[in-house]
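# A structural walkthrough
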Amino acid sequence: MKSRDIRKQFLDFFTEKGHLIVPSAPIVTKDDPTLMFNNSGMAQFKEYFLGNATPKSKRIADTQKCLRVSGKHNDLEDVGFDTYHHTMFEMLGNWSFGDYFKKEAINWAWELLTEVYKVPKDILYVTVFEGSEEENVPFDQEAYDIWKTLIDEDRILMGNKKDNFWEMGDQGPCGPCSEVHVDIRSAEEKALIPGRELINKDHPQVVEIWNNVFMEFNRKADRSLEKLPAQHVDTGMGFERLCMVLQGVQSNYDTDVFTPLIEKIENLTGKKYISKAETDEQEKLNIAIRVVADHVRAVAFAIADGQLPSNNGAGYVIRRILRRAIRYAFTFLDKKEPFIYELVAVLSAQMGEFFPEIKSQQNLVTNVIREEENSFLRTLEQGLQLLENVVADTKGKEIAGAKVFELYDTFGFPEDLTALILKEKGYSYDKAEFDAELKKQKDRSRAAGEVAKDDWVTLVEGNTETFVGYDQTENEVKITRYRKVESKKDGTLYQIVLDNTPFYPEGGGQVGDKGVLVSANENIEVLDTKKENNLILHITQTLPENVNALFTAKVNTQLRGEAACNHTATHLLHQALRTILGTHVEQKGSLVSPNYLRFDFSHFSKVTDEELKQVEEFVNARIQEQLPLIERRSIPFKQAIEEGAMALFGEKYGDNVRAIKFGESMELCGGIHVQNTADIWHFKIISESAVAAGIRRIEAITGDAVKEYFATQEQILEEIKAALKNPQDTLKAVNSLQEENAKLKKQVEALLKDKAKNLKGELASEIEEINGVKFLAKKVDLDANGAKDLAYELGNLGNNLFLLLATEQDGKPMLTCYISKELAAEKGLNAGQVVRELGKYIQGGGGGQPFFATAGGKNPSGIPDALNAAKEFIK
């Protein structure tokens, strides 16, 4: 059975059971600050489990793209070494929100597995929660009694809290779970060890395939449990593992989920994947191929959903996954050139039918991965050179762990690759010291990111919270709930929820509102507004003395107005770019703040100055047209698209959406906008740059910021004119000055060359012979280029010269070392090693080739010591 048919049968089965089929949420979370990525099927439904929103159906089923590479659920380092863990995987799930419970969930799971998929009953085992005295939760007798009507009791096993009690996080809904495990070993293996003894023991052919979670409790901040008002079902079945079972293979990588990718990798690398490796060498190849096949899926779908690789946050995680794949290919598949990007076409053909985003974003994903490969391969090349330097500077055969950590932390050079190269050279490194440095870094990071949240204190029961900020910036409110939040980064803060808030929460690229809560006795400053699990959180440093008082919520209208100008300008900018550059342009990210706007978009080349001018003129023309805001608060998604509204990639839209229209610009957007484009006053582009391959970034300003910009530019022009003695034609005066400067620069260069030639004669007489080597170490009054010219001039005097020249310009010292090529080869000398060692005297460093190298520093007083120490290299 093909994987696409397996997926379809699951969804068809639960459709027949009255479930609404919903699409997968983007793999990258947009409105949940507690998660970087969707790491489970239930993540997109958290607001329903928490009771903060009402689902459109009490029964839902889907297949969710999941990524487990950070935080509590992190499978990254297992991937490749076994055959059943993945970074990205699909989670098939069915959900009940206060509707059916254990009886239906268990019976349907069994019916689907054994009657629809025809999985033999004698290879299945199930687990139920054994209970916990510590939690005061009893043995799950109900689940056990249901299972024993379906399966032999000797195949029902007890599961402990670790394996059979599922929690959404440190706080929130949780409950006992009942897992289904499968044993696909051979009859001979089963005869030796019964499958029941291998459950949850990490055996590659005895694995969990389905988990039925029964949400009965709420975990409070003090770790106690309380009963939920409604009981829910949350199930998850690993799609890749299910395919392994139904396709009769022993590994997820032998299913048609992965075989097309593996075949392409074999074709591109010339290496062969053999499922059952008989040699260590073959197993290393297998691991590398599995890593590449797995990781390209995770990276490609993350990029398609809007997360570009970067140096922080979720972008750093994506970059790390891709770099892991690159380094495995570099080391074990002997791939020194980019190739992983070529796998995107295979993914698109294979999964584009069910996940159309991978097909629509194929070119972007391909370009970004190719550029990332090129960049990291350059890093690896640089790292190899740095590692050579470390080895050269090390006495003995053990490298300091701190040095290996520096290569990893500062230059991105992987520890395992360092270890492999050192081993090949007969070296080792201090692993304990490396681990200690790594632990310090992780502890610092963990401490900075740790957040402790108290339980919510509920003042008003039920879902009473609404957003009224499209129509009001001030209104009477009551606090419905609040909690204290503590972190090392921000200290003690409070999150306050209001019944009818005018404060816009951060979202859609727009920053959250600021303002105040005013009562008869006090003013509480709102520092920021965010959204979490469908709750609008007002962040404050203090809690009102009387939380039950009536407050007036006042948004800072100046900041709100400036942000609205910038948000509307992003819509007009998007329209302008698509008009001038082409309809291939798509928004790939944005930041809308009161100060400026940032807009990322897909485009294959730098936007020219002429094109930028046209874009500015287009936007300002729309501003001059005084286009009114046409807002439709709740329009069916399908209708909005048919009417021409633009939906942004990687966003999750409901059945009804908000459409914003200014003239011909129409987008789906939940943000705050001006009532008329004339309110923007003027639009000015400040910069245009590259973000990643195929992604450009424009930063721009509007309104008062433009007025300040023009005033600053005018002031700068006046200062330039004053410096030039107020010429009649300022531009002509600047051009004249530049021409004069260019002429003088050429004259100086010529004089310095002459000076170097003249010095050659003077210094030739100072060369002394030490141990058969012509030696000179001297400080000279030249710049860096002059020192280089002089070194090569003196180098023409013979083939056994060791020369060290020191220079100083503007208080910055520099060492230039020249060693005749013949001498370098004969004596094993290396100019790069020389300047690295002598550079310590001037508090600097450098490098170069064996016969010529330079080092810069910041301590010119160390020059005499460096010159004196140079003799040690030829003694």
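Okay, so let's go over this structure. (Residues numbered from 1 in each chain as written. Predicted model: local features only at pLDDT ≥ 70, side-chain atom pairs only at ≥ 80, totals over all residues. Heavy atoms only, no water.)

Right, let's talk about the overall build of the protein for a bit. In terms of helices and strands, the protein carries 25 helices and 38 strands. Seen through its principal axes, the protein has C-alpha atoms that stretch 105 × 80 × 55 Å. Once local pairs closer than 6 in sequence are excluded, the contacts in the protein between residues at least 24 apart make up 68%. Summed over its atoms, the accessible surface of the protein is roughly 41000 Å², and 47% of this surface lies on carbon and sulfur atoms. For the protein, the separation between the mean place of its 108 positive charges and that of its 136 negative charges on side chains is 3 Å. (Helix = DSSP H or I, 4+ residues; strand = E, 2+ residues; numbered from the N terminus. Contact = heavy atoms within 4.5 Å. Areas by Shrake-Rupley, 256 points an atom, 1.4 Å probe, with all protein chains shown as cover. Lys, Arg positive; Asp, Glu negative; His and termini not counted. Charge placed at Lys NZ, Arg CZ, Asp CG, Glu CD.)

What follows covers the sheet that holds strand 37 (residues 845-848). In space, the six strands of this open sheet follow the order 33-34-35-36-38-37, with mixed pairing throughout. The sheet is open, and its two borders are formed by strand 33 (768-770) and strand 37, each paired with just one other strand. Here the strands of the sheet are splayed against their neighbours by 20° on average, with no regard to which way each runs. The sheet contact formed by strand 37 and strand 38 (residues 852-856) spans four bridges and is antiparallel. When the sheet's bridge partners are listed, Gly846 is paired in strand 38 with Ala855. (Pairing = 2+ DSSP bridges. Axes fitted to C-alpha atoms, helices over the stretch in contact; angles between N-to-C directions.)

Right, let's get into the pairing of strand 23 (residues 528-532). Pairing analysis gives five bridges linking strand 23 to strand 24 (residues 535-540), with the strands arranged antiparallel. In the sheet register, Asp528 faces strand 24, and the bridge partner there is Ile539. Hairpin connection, strand 23 to strand 24: the antiparallel pair is bridged by two residues, and Asn533 has positive phi, about 50°.

By the element assignment, Asn676 lies in the loop between strand 30 (665-668) and strand 31 (683-692). A polar side-chain atom of Asn676 sits 2.9 Å from the main-chain amide nitrogen of Ala678. Leave out the neighbours within four places in its chain, and Asn676 touches Gln626, Leu627 and Pro628. (Polar contact = N/O pair within 3.5 Å; in protein donor to acceptor, adjacent residues only side chain to side chain.)

Another aspect to go through is the environment of Tyr470. Mapped onto the secondary structure, Tyr470 falls in the loop between strand 16 (466-467) and strand 17 (474-477). Between the C-alpha atom of Tyr470 and that of Asn94, which follows or precedes it by 376 residues, the distance is 36 Å. Those residues within four positions of Tyr470 in sequence are excluded, and the remaining contacts are Glu631, Arg633, Arg658, Gly670, Gly671 and Ile672. At 2.6 Å, the side chain of Tyr470 forms a polar contact with the backbone oxygen of Gly670.

In this section: the packing of helix 9 (residues 280-304) against helix 10 (residues 313-332). The interhelical angle for the contact between helix 9 and helix 10, taken along N-to-C directions, is 150°, at an axis separation of 9 Å. As summarised for this structure, helix 9 and helix 10 are arranged roughly antiparallel, according to the angle between their axes. For helix 9 against helix 10, the interelement crossing comes out left-handed. Within the contact between the two elements, helix 9 uses Lys284, Leu285, Ile287, Ala288, Val291, Val292, His295, Ala298, Val299 and Ala302 and helix 10 uses Ile318, Ile321, Leu322, Arg324, Ala325, Tyr328, Ala329 and Phe332. Partitioning the contact of helix 9 with helix 10 into residue classes produces 15 nonpolar, one polar and two charged. (Parallel < 35°, antiparallel > 145°, perpendicular 65-115°, else oblique. Left-handed = near helix turned anticlockwise from the far one by under 90°. Nonpolar A, V, L, I, M, F, W, Y, C, P; charged D, E, K, R; others polar.)

What follows is about the side chain of Arg658. Its location among the elements puts Arg658 in strand 29 (residues 656-662). Note on Arg658: relative accessible area 10%, which makes it buried. Within the local environment of Arg658, its side chain forms a polar contact with the side chain of Glu631, the two groups lying 2.8 Å apart. A distance of 2.7 Å separates the side chain of Arg658 from the backbone oxygen of Gly671, its partner in a polar contact. When sequence neighbours within four positions are dropped, the list of residues in contact with Arg658 reads Tyr470, Glu631, Arg632, Arg633, Glu667, Leu668, Cys669, Gly670 and Gly671. (Buried < 20%, exposed > 50% of the residue type's maximum accessible area, 1.4 Å probe, protein only.)

The next subject is the packing of helix 1 (residues 3-16) against helix 7 (residues 239-246). The contact between helix 1 and helix 7 brings their axes to 10 Å, and the two run at 110°. By the angle between their axes, helix 1 is roughly perpendicular relative to helix 7. The crossing of helix 1 and helix 7 is right-handed. Here Ser3, Ile6 and Arg7 of helix 1 come into contact with helix 7, specifically with Phe239, Leu242, Cys243 and Leu246. The residue makeup of the contact of helix 1 with helix 7, split by class, is five nonpolar, one polar and one charged.

Along any regular strand, the residues point their side chains to alternate faces of the sheet. Judged from the five bridges that link them, strand 5 (residues 88-97) and strand 11 (residues 225-238) form a sheet pairing that is antiparallel. Each residue of the ladder has a partner; that of Met91, found in strand 11, is Gly238. In the sheet, strand 10 (residues 206-219) pairs with strand 11 via nine bridges, with the strands oriented antiparallel. By the bridge assignment for strand 11, Phe217 is matched with Lys227. Where strand 10 hands over to strand 11, the hairpin turn is made up of five residues, of which Arg223 adopts a positive phi near 80°.

Sheet architecture is open: four strands sit in the order 26-27-32-31, paired in antiparallel fashion. Edge positions in the sheet fall to strand 26 (587-592) and strand 31, since each of these pairs with one other strand and no more. Going from strand to strand, the sheet's axes swing by 15° on average, the running direction of each strand aside. The pairing of strand 27 (residues 597-602) with strand 32 (residues 695-702) spans six bridges and is classified as antiparallel. For Phe599, the partnering residue across the bridge sits in strand 32 and is Ile698.

Moving on to the environment of Gln44. Relative to the helices and strands, Gln44 resides in the loop between strand 1 (20-21) and helix 2 (46-49). Residues Gln44 and Ala25 lie 19 residues apart in sequence; the distance between their C-alpha atoms is 6.5 Å. Ignoring sequence-local partners within four residues, the contact set of Gln44 consists of Val22, Pro23, Ser24, Ala25, Asn38, Asp62, Gln64 and Lys652. Of the polar contacts made by the side chain of Gln44, one reaches the side chain of Asp62; its length is 3.1 Å.

Let's shift gears to helix 7. Counting buried positions over the eight residues of helix 7 gives eight, a clear majority of the element. Those residues of helix 7 not exposed but buried are Phe239, Glu240, Arg241, Leu242, Cys243, Met244, Val245 and Leu246. Two residues or fewer past helix 7, Gly248 is found with a positive phi of approximately 65°.

Counting across every chain of the model gives one cavity of 30 Å³ or more. Of the voids in this model, the largest cavity is the one considered here, and its volume is about 30 Å³. Considering the residues around the largest cavity, the lining is formed by Ile767, Lys774, Leu794, Leu797, Gly798 and Leu801. Of the residues that constitute the lining of the largest cavity, the class distribution is four nonpolar, one polar and one charged. (1 Å grid on protein atoms, 1.4 Å probe; cavity = no way out; pocket = protein on both sides within 12 Å on 5 of 7 lines; lining within 4 Å. Points joined across faces, edges and corners; volume = space filled by probe spheres on them.)

The next thing to look at is the environment of Tyr818. Topologically, Tyr818 is positioned in strand 36 (residues 812-819). The buried category is assigned to Tyr818, whose relative accessible area is 11%. Expressed as a C-alpha distance, the spacing of Tyr818 and Leu804, which sit 14 residues apart in the sequence, is 6.5 Å. Excluding its chain neighbours within four sequence positions, the residues that come into contact with Tyr818 are Ala791, Tyr792, Gly795, Leu801, Phe802, Leu803, Phe851 and Phe852.

The final tally for this structure, using the stated rule, is 52 salt bridges. As a salt-bridge pair, Glu532 and Lys453 come within 3.5 Å of each other at their nearest N and O atoms. You can see Glu532 sitting in strand 23 and its partner Lys453 sitting in strand 14 (residues 451-453), a full 79 residues away along the chain. In this structure, Glu631 and Arg633 form a salt bridge, with 2.5 Å as the shortest nitrogen-oxygen distance. Glu631 sits in the partly exposed class, given a relative accessible area of 26%. A single network of salt bridges, built from pairs that share partners, joins Lys102, Asp140, Glu142, Glu216 and Lys227. (Salt bridge = Lys/Arg side-chain N within 4 Å of Asp/Glu carboxyl O.)

On their own, these measurements won't tell you what the molecule is for.
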